[in-house]
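Structural characterization, general
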Amino acid sequence: GNLRNKEQYSKSDLEYTKKKLKEQISLVKSSKKTFAKLEKQTITSEEAVTEANNLVEHSRQGVRDVEEEHFAPFREETGISDLRAYDEAIGKAREDFVKKRTDIREHLAKLTAKKKYEDDKDFDTKLAKALKKKTNHETQLKEAEETEDKLLSEVAEVKAKLADAESTLKQSTEEEQAKEEVVREARSVLKEAEGDYNKVAKTMNSEESDLMVLRQKLHETLQKARVDEVELPMLDAEDMDEDEEDEAESSQVSTSRSSRRNSTQSATQESTASSQHFSQREDSKVVKDRKEAGKVDFSTMDEDLKMRRSASEEDKLRKKFEGKISKFTQEIEGIAPNMKASDAFNTMTEMVKETVDDFNTAKEEGRKANEVFNKVRKARSHKFNTAFKQIDAALKIIYTDMTKSSKHPLGGNAYLSLDDADEPYRGGMKFNAMPPMKRFRDMEQLSGGEKTVAALSLLFAIHSHRPAPFFIMDEVDAALDNVNVLKVCNYIRQRSDDFQCIVISLKDMFYERSESLIGICRDVSSNSSRTLTLDLTKFDRKSEGQKRSRVGGEDAAAEADRSPKMPRVVVGAE
């Protein structure tokens, strides 16, 4: 489109120039004819002037002869040799005399007029006005002196008040410093209290975890007793009522403690599904286990067994009791063997064993799945953060290069930011760009050209992380002016060694800096589209060959390798 308009303009300019050339040629011919006529008239006029000069000279000589004949007796009497010089000297003296007389008369007239003006002046009136003005000034001076005295007295009062205020301020400052000292001491006491509170909270958390383990063990023990059909010693009705009252009071205290603890600590800690309900006092299973355990009579238990033990000691004690149980079982079987009871026991034991095995298997699979999930999440976050940091660093450099100019050598600034840096997939990402000599603003408030430059910078920054084989850009320069189009062209030329770029554009700057041109037009004869191609590298090679011929002796292949590759540009036009 632009080339066609330029062609039509050039044709019309050529026709206009041809018409003007014809007019100028005809004007030159007529000027030559007129010049020839004027030359003839000039020659005739010069001859007439020469004759007139000769006539004038002859007349002047006749006048001089007549003057010589007329003034000869006067010159002999006076002894003057040159009457013309005498006449000139007399005339000059007369002119000087007349000029001096005129100057004297003018000066005299000025003095007379000045004297008359001074005589007409009324000095008495002016003197009276000056005296009156002087009196007024004296009166104003006295008033000013009185005002000054009043102001000085007011200034003295203000200074006294200022001194009082300064003393009050000093006293207030001392009081403030004393109060600040009290505040610092209170803050130190508060800090120590917070430290003690944190220690107590840690102790409570440790006790809670131990309590959770004990609740789980209690649940497993009661469940195993039910499965094994073990009859536990139970309390009487009165003892159970007293235990229920104690349990209610302890539940109220524990509820208040748990509410305060839950208000101070976060609830984001991960735990498995199998043991989660044991950390909650009001859970149905925990309440049920507590009620069942409250009915058990522990008075017959040895005091040594009621003491808390470590895990290894508990294992030893469990093995000891299991040995006693197996021994009692053997004695019972020897006294009264019951084959059906043994089969039933074996069946229940197998069921319990299978259930426990399934539970352990599911627990192990859950743990492995959780580990795999954590590894995948960690790897995903690591890859994302690595790519994000690399793209952000490349974006700052690319945007600075694309906005740099002679007026703004530092260029602009662009960066990426995450809404959630710890878990980037839970939030979004924000892209901010600040063009040169402009304050920070949102991306929506930038102009179309500034948005285009920022978007291209982000695109090239992403390409620097995962390079693509080629780019296709569809009229990305539509909102850019010539300066920004030139910057984009130069950047694509710099990066043309890394990728091929196909640009659909209507700007001349892309044509001039491309490696090849492909035009799309309409073929009227076939009523379809037609493709026109032009390889611009031929012209580059021709210019390079001329340079090599001037320099001499350089290898053509090496010169071709050193020459920069240009981006391919596709131009759409009809």
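Residues numbered from 1 in each chain as written. Predicted model: local features only at pLDDT ≥ 70, side-chain atom pairs only at ≥ 80, totals over all residues. Heavy atoms only, no water.

1. Some points on the overall build of the protein chain
Check the secondary structure of the protein chain and you find twelve helices and seven strands. Split into buried and exposed, the 574 residues of the protein chain put 16% on the buried side. Across the protein chain, every contact between residues at least 6 apart in sequence was considered, and the portion connecting residues at least 24 apart equals 59%. Counting every atom, the protein chain has about 45,800 Å² of accessible surface; 55% of that belongs to carbon and sulfur. (Helix = DSSP H or I, 4+ residues; strand = E, 2+ residues; numbered from the N terminus. Buried < 20%, exposed > 50% of the residue type's maximum accessible area, 1.4 Å probe, protein only. Contact = heavy atoms within 4.5 Å. Areas by Shrake-Rupley, 256 points an atom, 1.4 Å probe, with all protein chains shown as cover.)

2. A look at helix α9 (residues 482-494)
Because each turn of an α-helix spans 3.6 residues, side chains separated by three or four positions in sequence point in the same direction. Its 13 residues place the ends of α9 18 Å apart at the C-alpha level, agreeing with the 18 Å of an ideal helix rising 1.5 Å per residue. Three or more residues of α9 are buried, namely Val 485, Lys 487, Val 488, Cys 489, Tyr 491 and Ile 492. (Expected span 1.5 Å × (residues − 1).)

3. Considering a positive patch on the surface
A grouping of Lys 29, Lys 32, Lys 33, Lys 37 and Lys 40 is seen on the molecular surface, where their side chains present a positively charged patch. Within the secondary structure, Lys 32 sits in helix α1 (residues 2-78). Its relative accessible area of 58% is what places Lys 32 among the exposed residues. (Patch = residues over 30% accessible without salt bridge, like charges linked within 9 Å, V, L, I, M, F, W, Y side chains within 5 Å. Salt bridge = Lys/Arg side-chain N within 4 Å of Asp/Glu carboxyl O. Lys, Arg positive; Asp, Glu negative; His and termini not counted. Charge placed at Lys NZ, Arg CZ, Asp CG, Glu CD.)

4. Examining the side chain of Thr 537
Structurally, Thr 537 can be placed in helix α11 (residues 537-551). For Thr 537, a relative accessible area of 16% gives the class buried. Polar contacts involving the side chain of Thr 537 include one to the side chain of Asp 535, which spans 2.6 Å. (Polar contact = N/O pair within 3.5 Å; in protein donor to acceptor, adjacent residues only side chain to side chain.)

5. Quick notes on unusual backbone geometry
Most peptide bonds adopt trans geometry, and most residues besides glycine take a negative phi value. Phi at Glu 475 is positive, roughly 50 degrees, even though this residue is not glycine. Tracing the chain through its elements places Glu 475 in the loop between β3 (470-474) and α9. Look at Glu 475 and you get partly exposed, because its relative accessible area is 39%. Its identity is not glycine, yet Asn 527 carries a phi of approximately 55 degrees, on the positive side. Exposure remark for Asn 527: the relative accessible area of 65% places this residue in the exposed category.

6. A word on the pattern of salt bridges
A complete count under the given rule lists eight salt bridges for this structure. Between Glu 371 and Arg 367 there is a salt bridge, with its nearest N and O atoms 2.5 Å apart. Here Arg 367 and Glu 371 lie together in helix α7 (residues 339-403), a separation of four residues that amounts to about one turn. Relative accessible area serves as the criterion here: at 40%, Arg 367 is assigned to the partly exposed category. Via salt bridges that share partners, Glu 364, Arg 367 and Glu 371 belong to a single interconnected network.

7. A closer look at the packing of aromatic side chains
Within a pair of aromatic rings, the relevant descriptors are the distance that separates the centres and the angle that separates the planes. Across all of its chains, the model carries four aromatic pairs by this definition. Here the aromatic rings of Phe 460 and Phe 471 are separated by 5.9 Å at their centres, their planes lie at 85 degrees, and the arrangement is edge-to-face. Of the two residues, Phe 460 is situated in helix α8 (residues 448-465) and Phe 471 in strand β3; the sequence distance between them amounts to eleven residues. In terms of burial, Phe 460 and Phe 471 fall into one category: buried. (Phe/Tyr/Trp six-rings, centres within 6.5 Å; stacked < 30°, edge-to-face > 60°.)

8. Some thoughts on the nonpolar core
Counting residues in hydrophobic clusters, the biggest one holds 30 residues, and the most contacted among them are Met 402, Phe 460 and Met 473. Within the residue set of this core, elements represented by two or more residues are α7, β1 (413-418), β2 (429-434), α8, β3, α9 and β4 (500-504). The element best represented in this core is α7, accounting for seven residues. Sequence-distant contacts of Phe 460, defined by excluding residues within four places in its chain, comprise Ile 398, Met 402, Phe 471, Met 473, Tyr 491, Ile 492, Arg 495 and Phe 499. (Core = buried A, V, L, I, M, F, W, Y, C linked by side-chain atoms within 4.5 Å.)

9. Focus: the side chain of Lys 487
Among the structural elements, Lys 487 can be located in helix α9. No salt bridge is formed by the buried Lys 487; its nearest oppositely charged neighbour, Asp 481, is found at 7.6 Å. Setting aside residues up to four positions removed in sequence, Lys 487 forms contacts with Met 402, Thr 403, Lys 404 and Ser 405.

10. Focus on the state of the cysteines
Any covalent bond linking the sulfur atoms of two cysteines counts as a disulfide. This structure, assessed with the given rule, holds zero disulfides. Of all cysteine sulfurs in the structure, the one in Cys 489 sits closest to Cys 501, which takes part in no disulfide; the separation is 9.6 Å. (Disulfide = S-S within 2.5 Å.)

11. Considerations on the pairing of β3
Across the two faces of β3 the burial differs, with Phe 471 and Met 473 buried and Phe 470, Ile 472 and Asp 474 not buried at all. Pairing of β3 with β4 involves five bridges; the strand directions are parallel. Bridge pairing links Ile 472 to Ile 502 in β4. Of the crossover connections in this fold, the one passing from β3 over α9 to the parallel β4 is right-handed. (Pairing = 2+ DSSP bridges. Right-handed = clockwise from strand over helix to strand, strands pointing away.)

12. Remarks on a negative patch on the surface
Judged by side-chain charge, Glu 143, Glu 145, Glu 146, Glu 148 and Asp 149 come together as a negatively charged surface patch. By the secondary structure assignment, Asp 149 is in helix α3 (residues 123-228).

13. Topic: the confidence of the model for the protein chain
Per-residue confidence for the protein chain gives a mean pLDDT of 78, with 80% of residues at or over 70. In the model of the protein chain, helix α12 (residues 556-562) stands out as the element of lowest mean pLDDT, 38, in contrast to strand β6 (residues 528-535), which has the highest, 90. Here residues 253-276 is modelled with pLDDT under 50, and outside its nearest four sequence neighbours on either side it reaches 13 contacts, counting other chains as well. (pLDDT = per-residue confidence, 0-100.)

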